[in-house]
Amino acid sequence: MPESSTFQPDCRRCPRLAQYLDEVKIAYPDYYARPVPPFGATPARLLVVGLAPGIHGANRTGRPFTGDFAGILLYQTLHKFGLASHSESIAHSDGLILSNCRITNAVKCLPPANKPDTSEIRQCNHYLKNELIQFVEQGGKAILALGGVAHRAIVMALRVKSTIFPFGHGAVHQLDNDLWLYDSYHCSRYNTQTKRLTAEMFEQVFMRIDEDLG
Ligand SMILES: O=c1cc[nH]c(=O)[nH]1
């Protein structure tokens, strides 16, 4: 199982991802094109875990879910539930503040075709594990997995059994006395445009978290 380590902004542990980021930086010199750090409040009661930076979103702006389609529904919903100061997340310098909430990704680097390899998810799990440890130590109560990859990365980092805690949209898993894992389909363009995930479905997940956090 991976050990935990603090996020390294210059990490190049995954050769395929490091090389891809080098190529993307050449194609788009203005893009951030580095491992994207978590964003938000510390301490926080809610930790939202996404998949990985999108090429023209977090990979461009350097902030999770910022500047691309996947962030639209997420930040709108966070704003609706009083967790974000604005309903849109446009750029690193837009002044947006998260309250009681943090956002991170299972994989910190942009993967080709949005698909990290299992070995890359495992390698990056060092960082997620460290973030989860800090989150729990500082009183964090609710983890929201956006999609199955994020769910399995969380389960891996916390060393709990994925057979006991399978991913399912709307599922709520009690991981510990005071630690809960909530699942939602990922708020990707594909999922929202095909209506696999509607705004109502996403809000219901947040409503449940809101009720449980009290
Ligand atoms: O999972 C995702 C998707 C888009 N942007 C992110 O930061 N994470």
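Computed from a predicted model, the values in this text were never measured in an experiment.

1. Looking at the pairing of strand E3 (residues 101-105)
Link 1 in the chain: Burial analysis of E3 places 4 of its 5 residues in the buried class, which makes it a mostly covered element.
Link 2 in the chain: Both strand E2 (residues 46-50) and E3 contribute to a ladder of 5 bridges, which runs parallel. By the bridge assignment for E3, Val49 is matched with Thr104.

2. Topic: the packing of aromatic side chains
Link 1 in the chain: If you walk through the whole model with that rule in mind, you get 5 aromatic pairs.
Link 2 in the chain: Consider the rings of Phe7 and Tyr127, whose centres lie 6.0 Å apart with planes at 70°: the pair is edge-to-face. Taken together, the residues Phe7 in the segment before helix H1 (15-27) and Tyr127 in helix H4 (residues 118-137) connect sequence positions 120 residues apart.
Link 3 in the chain: Aromatic rings pair up to connect Phe81, Phe202 and Phe206 into one cluster.
Link 4 in the chain: Its end group placed over the ring of Tyr32, Arg34 keeps NZ or CZ at 4.1 Å from the ring centre.
Link 5 in the chain: Note that Arg63 overlies the ring of Phe39, its terminal NZ or CZ placed 4.5 Å from the centroid.

3. A word on the packing of H4 against helix H5 (residues 148-158)
The description of two packed helices rests on the angle between their axes and on the distance between the axes.
Link 1 in the chain: Where H4 contacts H5, the two axes come as close as 9 Å, and the packing angle between them is 70°. By the angle class used here, H4 and H5 are roughly perpendicular. Where H4 crosses over H5, the handedness of that crossing is right-handed. Facing Ile121, Arg122, Asn125, Leu128, Lys129 and Leu132 of H4, the residues of H5 in contact are Val149, Ala153, Ile154, Met156, Ala157 and Leu158.
Link 2 in the chain: By residue class, the composition of the contact of H4 with H5 is 9 nonpolar, 1 polar and 2 charged.

4. Quick word on the site of the ligand
Link 1 in the chain: Taken together, Gly50, Leu51, Ala52, Pro53, Gly54, Ala58, Pro64, Phe65, Asp68, Ala70, Asn105 and His186 are the residues near the ligand.
Link 2 in the chain: Phe65 places a main-chain nitrogen or oxygen 2.9 Å from an oxygen atom of the ligand.
Link 3 in the chain: Protein coverage of the free-state accessible area of the ligand, which is 240 Å², stands at 95%.
Link 4 in the chain: Of the residues belonging to the shell around the ligand, the class tally is 7 nonpolar, 4 polar and 1 charged.

5. Re H5
Link 1 in the chain: With 8 of 11 residues buried, H5 is to be regarded as a mostly interior element.
Link 2 in the chain: Residues of H5 that are buried: Gly148, Ala150, His151, Ala153, Ile154, Val155, Met156 and Ala157.
Link 3 in the chain: Looking one or two residues past H5, Arg159 carries a phi angle of roughly 55°, positive in sign.

6. Overview of the nonpolar core
Link 1 in the chain: Counting 34 residues, the largest nonpolar core has Val49, Leu132, Ile143, Ile154 and Leu181 as its most contacted members.
Link 2 in the chain: Of all elements in the fold, only H1, E2, H4, strand E4 (142-146), H5 and strand E6 (179-184) reach the threshold of two or more residues within this core.
Link 3 in the chain: When residues no more than four places from it in sequence are discounted, the contact partners of Val49 are Thr104, Asn105, Ala106, Leu128, Ile143, Leu144, Ala145, Leu146, Ala150 and Ile154.
Link 4 in the chain: In terms of nonpolar packing, the next biggest core, distinct from the first, is built from 26 residues, Ala70, Tyr75, Leu96 and Leu98 among them.

7. A few points about the UniProt feature "domain: Uracil-DNA glycosylase-like" (unreviewed entry) in the protein chain
Link 1 in the chain: Summarizing the sequence annotation, UniProt attributes the feature "domain: Uracil-DNA glycosylase-like" (unreviewed entry) to residues 37-206 in the numbering used throughout.
Link 2 in the chain: The straight-line gap between the two end C-alpha atoms of residues 37-206 is 23 Å; of that span, 35% is helix and 16% is strand.

8. Brief notes about the confidence of the model for the protein chain
In regions of low pLDDT, the predicted coordinates are not meant to be interpreted in detail.
Link 1 in the chain: On average, the protein chain scores 97 in pLDDT, and the residues at 70 or more come to 99%.
Link 2 in the chain: The ipTM for the predicted assembly is 0.93, set against a pTM of 0.97.

9. Considerations on H4
Link 1 in the chain: For H4, built from 20 residues, the straight-helix expectation of 28 Å at 1.5 Å per residue is met to within 8% by its first-to-last C-alpha distance of 28 Å.
Link 2 in the chain: The largest bend along H4 measures about 40° and falls at Asn125.
Link 3 in the chain: For H4, the complete set of buried residues consists of Glu120, Ile121, Cys124, Asn125, His126, Tyr127, Leu128, Lys129, Asn130, Glu131, Leu132 and Phe135.
Link 4 in the chain: On the buried face of H4, the contacting elements are H1, E2, E3, E4, H5 and E6.
Link 5 in the chain: Immediately beyond the C-terminal end of H4, within one or two residues, lies Gly139, with a positive phi of roughly 95°.

Here is what the cut-offs are and how they apply
- Residues numbered from 1 in each chain as written.
- Predicted model: local features only at pLDDT ≥ 70, side-chain atom pairs only at ≥ 80, totals over all residues.
- Heavy atoms only, no water.
- Buried < 20%, exposed > 50% of the residue type's maximum accessible area, 1.4 Å probe, protein only.
- Helix = DSSP H or I, 4+ residues; strand = E, 2+ residues; numbered from the N terminus.
- Pairing = 2+ DSSP bridges.
- Phe/Tyr/Trp six-rings, centres within 6.5 Å; stacked < 30°, edge-to-face > 60°.
- Lys NZ or Arg CZ within 6 Å of the ring centre and 35° of its normal.
- Axes fitted to C-alpha atoms, helices over the stretch in contact; angles between N-to-C directions.
- Parallel < 35°, antiparallel > 145°, perpendicular 65-115°, else oblique.
- Left-handed = near helix turned anticlockwise from the far one by under 90°.
- Contact = heavy atoms within 4.5 Å.
- Nonpolar A, V, L, I, M, F, W, Y, C, P; charged D, E, K, R; others polar.
- Near = heavy atom within 4 Å.
- Polar contact = N/O pair within 3.5 Å; in protein donor to acceptor, adjacent residues only side chain to side chain.
- Areas by Shrake-Rupley, 256 points an atom, 1.4 Å probe, with all protein chains shown as cover.
- Core = buried A, V, L, I, M, F, W, Y, C linked by side-chain atoms within 4.5 Å.
- UniProt positions renumbered as here; feature names shortened; annotations may be inferred.
- pLDDT = per-residue confidence, 0-100.
- Expected span 1.5 Å × (residues − 1).
- Bend = angle between axes of the 7 residues up to and from the residue.

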